[in-house]
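One-letter residues, chain by chain:
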Amino acid sequence: MSIRSHSGPERPLRSGPAIDADRAGRCTESVRDIAEDLTVLAEALMHSTYSSAPTTELLHIIMGLENLVQQAIAALVARQRSQGKPLSDLAPMLNRTEDRLRKKYDPQTVDQTLATRRRPMRATPSTQPPESEVPTAKNLLRRPRQRLACALTLTWTRSGISQRALAERMNVDPSYVSRMLSGERDVSWQHLKIITDTCDGNPDLMKPLWEAAAGVHPAGTEPARYLRTYLRALQYAAGSPNDTTILASAQHTITAAELHRAFNGPGVPDWPVVAQLTTTLQSLPDIARPLWRQARSNCETTISAEAFG
């Protein structure tokens, strides 16, 4: 026999939670991450449709997009609550009652979901040479995610902070932190900021490594300066070898002047110099190639404009 609930008089909705600026900020960062991920999957979908991919592949990407949209909705509802704003503003758009939104998107549950979500990766650029696609142990260590992991591990190790304390700051299990530091898991920008802030690291130095690992196209930075920051970040991830060590590791195929110019300017060195330097710093040259092209092109455009007044 089924039991039906009694529809008694409508109860007034509970008041919203107190303002939580930290959670609101984390939710905003998560929405930015999700926006980047949506771009990655949207590009994959467009590529697959033009390459006549099977329906199952297209549907798989579509389901991934739908999942990202649901994550974004959860983050925005949690942010609305954390900002102390009424859920009545969102309820009509989501076709849900305020009480349903409150139950479905509990802030702590949303925090955990966003902290443990797995981010999609861009496809490997088609310009990558065949030898770097071979999944040897050496090439795996040179990939962007591993370079980021090495840099984050160095920052964490030098801070003296325990993984447990770091995990508490991130509201995740310590094993999750361990997998991020080892490169087994993708690192969101939100988590990278927490790690660098907690461990007194440099997020500006980490940013190019994270963008390379996440497949995010850099924007808003002068290209030559961005390339130099990326090269210095690789140097840091490699253990901060000095100029003498780098030149020796490169078997003196680049000069001290070329090395100084790559790190400090002025201008942008020739591609063989950058390619050799990135290889010496345990990275893949093709990750730096588009950065070098943009930096070189920008420098040439600037020089041409100055020459003609």
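Scroll up a little and you will see the structure.
Here the structure is a predicted model, which is why all the values come from computation and not from measurement.

## Details of the packing of helix H8 (residues 144-159) against helix H12 (residues 203-214)
So, point 1. The contact between H8 and H12 brings their axes to 8 Å, and the two run at 145°. In this structure, H8 crosses over H12, and the sense of that crossing is left-handed. Contacts between H8 and H12 pair Pro144, Arg145, Arg147, Leu148, Ala151, Leu152 and Thr155 from the former with Met206, Leu209, Trp210, Ala212 and Ala213 from the latter.
So, point 2. Looking at the contact of H8 with H12, its residues break down into nine nonpolar, one polar and two charged.

## Side note on the packing of aromatic side chains
So, point 1. A complete count under the given rule lists two aromatic pairs for this structure.
So, point 2. Ring centres 5.3 Å apart and planes at 55° place the aromatic pair Trp189 and Trp210 in the tilted group. Of this pair, Trp189 sits in helix H11 (residues 189-198) while Trp210 is found in helix H12, placing the two residues 21 residues apart along the sequence.
So, point 3. Of the residues examined, Trp189 reaches a relative accessible area of 15% and is grouped as buried.
So, point 4. Owing to a relative accessible area of 3%, Trp210 belongs among the buried residues under this scheme.
So, point 5. Ring centres 5.6 Å apart and planes at 50° place the aromatic pair Trp271 and Trp292 in the tilted group. Highlighted residues: Trp271 in helix H16 (residues 271-280) and Trp292 in helix H17 (residues 285-307), separated in sequence by 21 residues.

## Description of the pattern of salt bridges
Where charged atoms from two side chains of opposite charge approach closely, those side chains can pair.
So, point 1. Here the structure, examined in full by the defined rule, presents 11 salt bridges.
So, point 2. For Glu29, the salt bridge is made with Arg32, and the minimal N-O distance between the two is 2.9 Å. One end of the pair, Glu29, and the other, Arg32, are both in helix H1 (residues 21-50), three residues apart, so they sit about a helical turn from each other.
So, point 3. Exposure remark for Arg32: the relative accessible area of 48% places this residue in the partly exposed category.
So, point 4. A salt bridge links Lys207 to Glu211; its shortest N-O distance comes to 2.7 Å.

Cut-off values and rules
- Residues numbered from 1 in each chain as written.
- Predicted model: local features only at pLDDT ≥ 70, side-chain atom pairs only at ≥ 80, totals over all residues.
- Heavy atoms only, no water.
- Axes fitted to C-alpha atoms, helices over the stretch in contact; angles between N-to-C directions.
- Helix = DSSP H or I, 4+ residues; strand = E, 2+ residues; numbered from the N terminus.
- Left-handed = near helix turned anticlockwise from the far one by under 90°.
- Contact = heavy atoms within 4.5 Å.
- Nonpolar A, V, L, I, M, F, W, Y, C, P; charged D, E, K, R; others polar.
- Phe/Tyr/Trp six-rings, centres within 6.5 Å; stacked < 30°, edge-to-face > 60°.
- Buried < 20%, exposed > 50% of the residue type's maximum accessible area, 1.4 Å probe, protein only.
- Salt bridge = Lys/Arg side-chain N within 4 Å of Asp/Glu carboxyl O.

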